[in-house]
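For reference, the chains in residue letters:
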Amino acid sequence: MDISLRYRRTVIGPLWITLTLAATIASVGTVYAALFRQDIVGFLPPFAVGLILWTLIATTLQEGSNIFVASGHLIKAVPAPLIVHVLQMIARNVLIFAHHLVIVVLLYVVMPWPLHGSMLLAVPGFAILFVVLLGGSVALGVLCARFRDIGSAIVSGLQFVFFLTPIIWTEDSVRGTAFSWLIRANPFATLLDLVRRPLLSQPTDPEQWLLGIAYAVVVAVIGLGCYARYRHRVAYWL
């Protein structure tokens, strides 16, 4: 209902977002493949899946940091658990992400890659990513309800992290160089690969799965701790 109301009186509704993202992938992906002298068949699918996942991550964390402030009128009027607003926001973004997967299917038709049973590992990879987004949204939402300037810092920080994550550049281009630490030290790179690599039938390292689970546990504990301790104060901060 939330998505339908946003695109009321339009013909294709939320698919406008998918068309915009598809145009971005086609144009930017072609340009960067030429700039980096990469084979477009090998460059475009990882770039497309990475950008789709990054759109989900960035949108969820940005909206999550402002979720309680944006829902302040409901929080002060309706005695509902605060987690409801976070889950509604995440559900909306996951549904939009599902629309974006049409781009991956079209890419497979144009530039097919091998299909393996390991593609099913994208499901537990997405589950790990979901836990991180849920815990992160709760923690950031509580924090930004108290300190409003942090929301703007998160938007700027995500734009900076985007260029440090292997989306528009490949891991092979920095492997063995002084910048290879960008992959190991960047948790978003690990979370992306846990979903992207299985979808593209590429192998994942056991180390990546251990790191992803560790990130999910840490972020979930932080989010649960913030929610348990400060949920009764949020209404007074709004």
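Here is a short report on the structure shown in this document. (Residues numbered from 1 in each chain as written. Predicted model: local features only at pLDDT ≥ 70, side-chain atom pairs only at ≥ 80, totals over all residues. Heavy atoms only, no water.)

If you walk through the whole model with that rule in mind, you get three salt bridges. As a salt-bridge pair, Arg196 and Asp193 come within 3.1 Å of each other at their nearest N and O atoms. Of the two residues, Arg196 and Asp193 both sit in helix α10 (residues 187–199), three residues apart, roughly one turn of that helix. This pair shows no difference in class: Arg196 is buried, exactly as Asp193 is. Among the ionic pairs, Asp193 bridges to Arg197, the shortest N-O distance being 3.7 Å. (Salt bridge = Lys/Arg side-chain N within 4 Å of Asp/Glu carboxyl O. Helix = DSSP H or I, 4+ residues; strand = E, 2+ residues; numbered from the N terminus. Buried < 20%, exposed > 50% of the residue type's maximum accessible area, 1.4 Å probe, protein only.)

Okay, the environment of Leu21 next. With respect to the element layout, Leu21 can be found in helix α2 (residues 15–35). Overall, Leu21 belongs to the buried group, its relative accessible area being 9%. Sequence spacing of Leu21 and Val69 is 48 residues, and the spatial spacing of their C-alpha atoms is 28 Å.

The next thing to look at is the nonpolar core. Among the nonpolar cores identified, the biggest contains 43 residues, and Ile25, Phe47 and Trp54 are the most heavily contacted of them. Looking at this core, the elements with two or more residues in it are α2, α3 (40–65), α6 (83–110), α7 (122–146), α8 (149–164), α10 and α11 (206–230). The biggest single contributor to this core is α3, with 13 residues. Residues in contact with Phe47, not counting those within four places in the same chain, are Ile25, Val28, Gly29, Ile167 and Ile168. Residues Phe68, Ile90, Val142 and Ala145 belong to the second largest nonpolar core, which totals 12 residues. (Core = buried A, V, L, I, M, F, W, Y, C linked by side-chain atoms within 4.5 Å. Contact = heavy atoms within 4.5 Å.)

This paragraph deals with the side chain of Arg197. By secondary structure assignment, the location of Arg197 is in helix α10. Overall, the relative accessible area of 18% leaves Arg197 in the buried class. Other than its neighbours up to four places away in sequence, Arg197 contacts Glu171, Gln202, Pro203, Thr204 and Gln208.

In this structure, Asn186 sits in the loop between α9 (181–185) and α10. Within the structure, Asn186 has its side chain in polar contact with the backbone oxygen of Leu164 (distance 3.2 Å). Here Phe188 takes part through its backbone nitrogen, which lies 3.0 Å from a polar atom of the side chain of Asn186. (Polar contact = N/O pair within 3.5 Å; in protein donor to acceptor, adjacent residues only side chain to side chain.)

Moving on: the packing of α2 against α6. Following both chains from N to C, one finds α2 and α6 inclined at 45 degrees, their axes separated by 9 Å at the closest point. As the angle between them shows, α2 and α6 are arranged oblique. For the element pair α2 and α6, the recorded crossing hand is right-handed. On α6, the residues touching Leu15, Ile17, Thr18, Leu21, Ala22 and Ile25 of α2 are Ile96, His99, His100 and Ile103. Within the contact of α2 with α6, the residues separate by chemical class into seven nonpolar, three polar and no charged. (Axes fitted to C-alpha atoms, helices over the stretch in contact; angles between N-to-C directions. Parallel < 35°, antiparallel > 145°, perpendicular 65-115°, else oblique. Left-handed = near helix turned anticlockwise from the far one by under 90°. Nonpolar A, V, L, I, M, F, W, Y, C, P; charged D, E, K, R; others polar.)

On to the packing of aromatic side chains. According to the stated counting rule, one finds seven aromatic pairs in the structure shown. Between Phe97 and Phe126, the aromatic rings sit 5.4 Å apart at their centres with planes inclined by 15 degrees, giving stacked as the arrangement. Of this pair, Phe97 sits in helix α6 while Phe126 is found in helix α7, placing the two residues 29 residues apart along the sequence. Look at Tyr230 and Trp237: their rings are 6.0 Å apart centre to centre, the planes differ by 40 degrees, and that puts the pair in the tilted class. Taken together, the aromatic side chains of Trp54, Phe162, Phe163 and Phe188 make up a single cluster linked through ring pairs. The ring centre of Phe147 lies 5.0 Å from the NZ or CZ of Arg146, which sits over that ring. (Phe/Tyr/Trp six-rings, centres within 6.5 Å; stacked < 30°, edge-to-face > 60°. Lys NZ or Arg CZ within 6 Å of the ring centre and 35° of its normal.)

Fair warning: the whole summary comes from geometry, so function is off the table for now.
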